[in-house]
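In case you want the letters, here they are:
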Amino acid sequence: MFVQEEKIFAGKVLRLHVCAPDGAEWLEEATEGTSVEKLKERCLKHCAPGSSEDPKSVTHHKLIHAASERVLSDAKTLLEEHVQDEDVILLIRKRAPAPLPKMAEVSAEEKKKQEQKAPDRDAIFRATASLPSHNMDRAVVQTSARDFQTELRRILVSLIEVAQKLLALNPDAVELFKKANAMLDEDEDERVDEAALRQLTEMGFPETRAAKALRLNHMSVPQAMEWLIEHAEDPTIDTPLPGPASQGEAGAEATPAAGTSEEEEARDELTEIFKKIRRKREFRPDARAVISLMEMGFDEKEVIDALRVNNNQQNAACEWLLGDRKPSPEELDKGIDPESPLFQAILDNPVVQLGLTNPKTLLAFEDMLENPLNSTQWMNDPETGPVMLQISRIFQTLNRA
């Protein structure tokens with residue numbers, strides 16, 4: 001009896017989830033020794049019967065490993081490509097190369113480009129020589145349209161001071177902030193964005209690794225996925241992150257000494273809680289961005305200042321380092337002018353006034369100072385979202401005016 005050689009030496013059978021361009025999904029079984037090209041032929045036969053008989057159809061498609069976003073090589077086996085059981089494989093049609101332009105089309109295109117070419121400086125001066133001159137203050141024009149993200153940081157610094165003063169007047173302020181501080185610990189160590197976690201686990205990443213990657217990358221799915229791919233072979237990838245014990249020890253400093261009155265003791269205790277919250281919310285620069293910018297020749301302190309000013313955005317930080325370096329980190333910490341029309345309009349808003357009496361609003365402001373990427377999360381929060389929305393609307397209205 002004749003037995004196929006493939007079945008004699010068959011290895012582990014893998015159950016693969018295949019997704020076709022038209023949205024079709026099915027389970028395809030294949031051994032570890034199956035070549036990628038053979039698997040591709042079987043996938044084409046499943047979604048388009050008869051197409052696998054045409055050699056061109058096979059070469060016009062490719063298989064992609066969804067978890068690692070790698071194009072699988074036709075010449076390799078599934079084992080060599082490290083494909084695992086239950087992995088998701090995408091069947092994609094390759095883009096057809098653009099046809100080479102004819103000589104007549106090339107010359108016509110070049111002629112069109114020459115016609116559309118911007119005039120040089122001399123041509124501009126010749127064309128505007130007869131126009132009257134105007135003394136325009138370019139600095140005013142450049143700064144008239146302020147950047148909301150940069151201005152928001154200054155607004156938050158000033159609003160935090162106002163919120164602390166208002167909340168300190170509450171007779172239950174100490175107890176409120178003890179609960180808020182406990183909530184802060186819980187949020188830092190346990191909260192993981194469920195939607196982001198689900199996206200990563202559906203790509204094939206283990207849940208514990210995905211959760212760790214999200215915590216290290218401020219709940220950013222693209223950055224977490226890059227981290228998981230970069231550290232896939234790291235032996236410490238499954239090591240859990242350190243708990244809050246060390247932070248708790250660091251924060252539990254200087255218990256307020258007994259004062260002359262209970263009011264003074266409560267005020268001292270509230271001050272200590274404020275300091276503890278602020279220590280937790282100190283700016284933490286993106287480690288990868290720091291390394292990348294330092295490799296360009298910038299000093300570490302300069303890099304951290306640039307990332308702080310530009311909310312941990314590497315490209316914007318690089319432009320800041322190469323430019324006039326304004327605003328400076330010191331300017332961001334000063335907050336907004338309390339007499340400015342913008343700040344007065346914000347404080348006069350009833351929604352903002354009510355929100356400043358909520359300890360959660362203060363914690364949200366502190367969190368956004370430390371990690372601006374969390375702004376979206378607080379905008380969607382039922383308690384802090386209305387406050388942030390009013391601040392944004394007031395800023396945009398005055399900025400347009």
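Residues numbered from 1 in each chain as written. Predicted model: local features only at pLDDT ≥ 70, side-chain atom pairs only at ≥ 80, totals over all residues. Heavy atoms only, no water.

Going by what an unreviewed UniProt entry lists, the protein is known as UBA domain-containing protein and is assigned to Rangifer tarandus platyrhynchus.

Per the secondary structure count, the protein includes 22 helices and five strands. For the protein, buried positions account for 35% of its 401 residues. Across the protein, the fraction of contacts at a sequence separation of at least 24, relative to all contacts at a separation of at least 6, is 59%. Surface accessibility of the protein: about 25,500 Å² in total, with carbon and sulfur atoms responsible for 53%. (Helix = DSSP H or I, 4+ residues; strand = E, 2+ residues; numbered from the N terminus. Buried < 20%, exposed > 50% of the residue type's maximum accessible area, 1.4 Å probe, protein only. Contact = heavy atoms within 4.5 Å. Areas by Shrake-Rupley, 256 points an atom, 1.4 Å probe, with all protein chains shown as cover.)

Attention now moves to the environment of Gln199. Along the polypeptide, Gln199 turns up in helix H9 (residues 194–202). The sequence separation of Gln199 and Met225 amounts to 26 residues, and the corresponding C-alpha distance is 9.8 Å.

Packed helix pairs are specified by the crossing angle of their axes together with the interaxial distance, meaning the distance between the axes. Relative orientation of the contacting elements helix H10 (residues 207–216) and helix H11 (residues 221–230) amounts to 120°, with a least axis distance of 8 Å. Here H10 lies oblique to H11, going by the angle between them. H10 and H11 meet at a crossing whose hand is right-handed. Within the contact between the two elements, H10 uses Arg209, Ala210, Lys212, Ala213, Leu214 and Leu216 and H11 uses Val221, Ala224, Trp227 and Leu228. A breakdown of the residues in the contact of H10 with H11 according to their chemical character gives eight nonpolar, no polar and two charged. (Axes fitted to C-alpha atoms, helices over the stretch in contact; angles between N-to-C directions. Parallel < 35°, antiparallel > 145°, perpendicular 65-115°, else oblique. Left-handed = near helix turned anticlockwise from the far one by under 90°. Nonpolar A, V, L, I, M, F, W, Y, C, P; charged D, E, K, R; others polar.)

Further remarks concern the sheet that holds strand E1 (residues 13–19). If you walk across this open sheet you meet the five strands as E2-E1-E5-E3-E4, and the pairing is mixed. Looking at strand neighbours, the two that pair on one side only are strand E2 (25–31) and strand E4 (70–71), the edges of this open sheet. Pairing geometry for E1 and strand E5 (residues 88–93), over three bridges, is parallel. Looking at the pairing, His17 lines up with Val88 of E5. (Pairing = 2+ DSSP bridges.)

Ile155, Leu159, Leu342, Ile346, Phe365, Met368 and Ile391 are the most contacted members of the largest nonpolar core, which has 26 residues in total. In terms of residue count, helix H7 (residues 148–168) provides more of this core than any other element does, nine residues in total. Discounting residues that sit within four places of it in the chain, Leu159 has contacts with Phe343, Ile346, Leu347, Leu356, Phe365 and Ile391. (Core = buried A, V, L, I, M, F, W, Y, C linked by side-chain atoms within 4.5 Å.)

If you walk through the whole model with that rule in mind, you get 11 salt bridges. Notably, a salt bridge pairs Lys360 with Asp381, separated by 2.9 Å at the nearest N-O pair. Linking Lys360 in helix H20 (residues 359–370) with Asp381 in the loop between helix H21 (375–379) and helix H22 (385–400), this pair joins segments that are 21 residues apart in sequence. The pair formed by Lys360 and Asp381 is uniform in burial state, with each residue classed as buried. (Salt bridge = Lys/Arg side-chain N within 4 Å of Asp/Glu carboxyl O.)

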